[in-house]
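# Close look at the chain arrangement
Each chain, written out:
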Amino acid sequence: MSLVNFTNFDFDQLFAMSDDTNPLMMLIWILPIFFFVFYGQRIQLYVTSGEIKKGIKKLDGFRSESRDELINYVNKNLKPVDDPTAKINRFIDYFTIMPVEMDPNGIVDKVQHIVRSREDYTREHVRSLSPQMSDIELSKVQTLLEIASSLQMIYKIINHMYLTAKKQNNYPLILPLQMILPFIMEQSEAMKEAIPVFKKGQPVGDGIGPMVVGKMMLENQKETIAFQTSLVKSEFEGRKLFLVKADGPGSTVGRPADGLEKIVSENKIDAIIMIDAALKMEGEDSATVARGFGAAIGGIGTEKFQIEAIATSKNIPVFSIVVKQSVKEAITLMTKEIADTADDVRGQVNEMIRENTTQGQSIVIIGVGNTGGVP
Amino acid sequence: MFKKKKITLEYTIEKCSKCGTEVKRKYSDGDVLFSRCSKCTSCDGMMMIEKIFGETLEQ
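What comes next concerns the included structure. Note that the structure is predicted; figures quoted are calculated from it, not measured. (Residues numbered from 1 in each chain as written. Chains lettered and ligands numbered in written order. Predicted model: local features only at pLDDT ≥ 70, side-chain atom pairs only at ≥ 80, totals over all residues. Heavy atoms only, no water.)

## Details of the pattern of salt bridges
Under the defined criterion, the tally for this structure stands at 30 salt bridges over all chains. We note a salt bridge from glutamate 146 of chain A to arginine 118 of chain A, for which the minimum N-O separation is 3.7 Å. With glutamate 146 of chain A in helix H5 (residues 135–168) and arginine 118 of chain A in helix H4 (residues 107–127), the pair connects residues that are 28 residues apart, well separated along the chain. For aspartate 44 of chain B, the salt bridge goes to lysine 18 of chain B, with nearest N and O atoms at 2.7 Å. Of this pair, aspartate 44 of chain B sits in the loop between strand S3 (36–39) and strand S4 (46–58) while lysine 18 of chain B sits in the loop between strand S1 (6–16) and strand S2 (22–26), placing them 26 residues apart in sequence. (Salt bridge = Lys/Arg side-chain N within 4 Å of Asp/Glu carboxyl O. Helix = DSSP H or I, 4+ residues; strand = E, 2+ residues; numbered from the N terminus.)

## Topic: the interface of chain A and chain B
Note: interface size is frequently given as the accessible area lost on complex formation between the parts. Across the boundary between the two partners, chain A contributes 19 residues, which contact 15 residues of chain B. Summed over both partners, the interface of chain A with chain B comes to about 1500 Å²; 62% of that surface belongs to carbon and sulfur atoms. The three residues of chain A that bury the most area against chain B are Lys200, Leu333 and Lys336 of chain A, which together make up 29% of that side's buried surface. Here chain A is connected to chain B by four salt bridges. Taking the shortest distance from any N to any O, the salt bridge between aspartate 340 of chain A and lysine 51 of chain B comes out at 3.0 Å. Mapped by element, the contributors of at least two residues to the side of chain A that touches chain B are helix H7 (208–217) and helix H11 (336–340) of chain A. (Contact = heavy atoms within 4.5 Å. Buried area = accessible area lost by both parts, 1.4 Å probe.)

## Here we look at helix H3 (residues 85–92) of chain A
Residues and elements named next belong to chain A. Of the residues making up H3, those classed as buried are Ile88, Phe91 and Ile92. Projected down its long axis, H3 carries its buried residues within an arc of 100°, all on one side. In the core, the buried residues of H3 are packed alongside helix H2 (23–77), H4 and H5. (Buried < 20%, exposed > 50% of the residue type's maximum accessible area, 1.4 Å probe, protein only. Arc of directions from axis to C-beta.)

See the structure below:
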C-alpha cells in the first residue's frame, strides 16, 4: 500500500492549503523550513569550509615549496659550511612584535628601530650560512627568506582562523575569511611566482623607479650615500641633479630617506621628484604613468614619514611619478608594457624638472623600489 | 571549461648606444640591465642591455 501517489499530484490541493489538504503534504512543506531555520547556517558552514580548505591546502603547498626552494638554492649555490635546514627553519618562524601604540608619540622611530634590527639580525645570520657569500647573493637569500617567512605566516593565520571557526561551529567567524581569501590567494600566488625571478636576479615590476634613475646614472661616478643606497651627482639644463636609488643589482630597496637627509643637510634643495611603482585599481590599465604630489614610497611607512618630515622642515615641494601595476606584476618579472614605459617616465621627469625649477636650482630624484637586476 | 596554462617567456633587449639598433633575444642567465654585452653588427659601437622583461602566453 502506498501512502502518497508521487505520480499523480493534485496541484490544486497542494497549493490551495484548503481544509481538505493532505496533512502529509503539509508536513513535507513545513519540515524543510524548520530544518533550514535551525541547520541552514551549519550547512552553509560545510559548503564554505570546502572552499576554504582548498585554499589552505594551496597555501600549505606554497609555504613548503618556498622553503624547499630556499634550502635548495643555498645548498646548490652557496656551499654552506653545515646543513642549513635547521637554521632556515628557525629563520622562517621569526616574528616581529610591533611597539605599543597607546602613546603614539615617537612610534615611527620605534617601528624603524625594530624593523632595522630585524633586517640587520637576519643579514648577519644569513651570512653565517656561508661566509664567502657575496652581497648580491646575500640580498637574494634575504629576499627569498622574507617570501618563505611571509607565506608561512599567511598559512598559519588563515589556518588558525579556519580551525577556530570550525571548532566553534561559528559561521559568522568564517565569513570574513571567505571574503578575504581571494585577496590572500592572489598575493600568495604572486609571492610564489616571484621566487624564480629573485633567484635569477631579474628585474621585477617594482624596479621601474630604480631602472629609470639607474639609466640616468650611467656614465657618472656612483657613491654610497646611505646603507645600500647610491648617489650620483649630475646636471640637466643648468640644474644640479642628485640621483638616488638602492644599490643594485642585489635585491634591496635601500634607505632613500637616510640618503635624502644627508643630501639636504649639505645642500640647498629646491625640489624632490620620486619615481615608484603604484598599485593599479581594478579596471585601470597596467603600465599607466601618472603624476602627482607627495612622497611616492611604499613599505611600512617609516621611510615615507622621514621623507615627508625632511621636505616639510625645509619647505621642499615633493613631486611624484608612478607606474601603475598589479600586486603580481610588482613582484614578478617585469612585463614588457612596464619596461616600455621607462623612456616615457624619463621624458616626464625632464618635463617636471623644467616646469617646476629654474636654472641654478638643485633637485633630488629618487628611484624607489626593489633593485633586483637593476645596477 | 579548462583553464589555459600560462607560461612566461623571458627576453632581453640589447641596444647599440651609437646607432640605436635594437636586438631582441631570449634571456640568458647573468644578463643584467645596462651592462655592455657585445659589438654592434651595424656599426662599431657596443650593445648594451636596455630591457629585461617577460611576455606571458596562454597554452
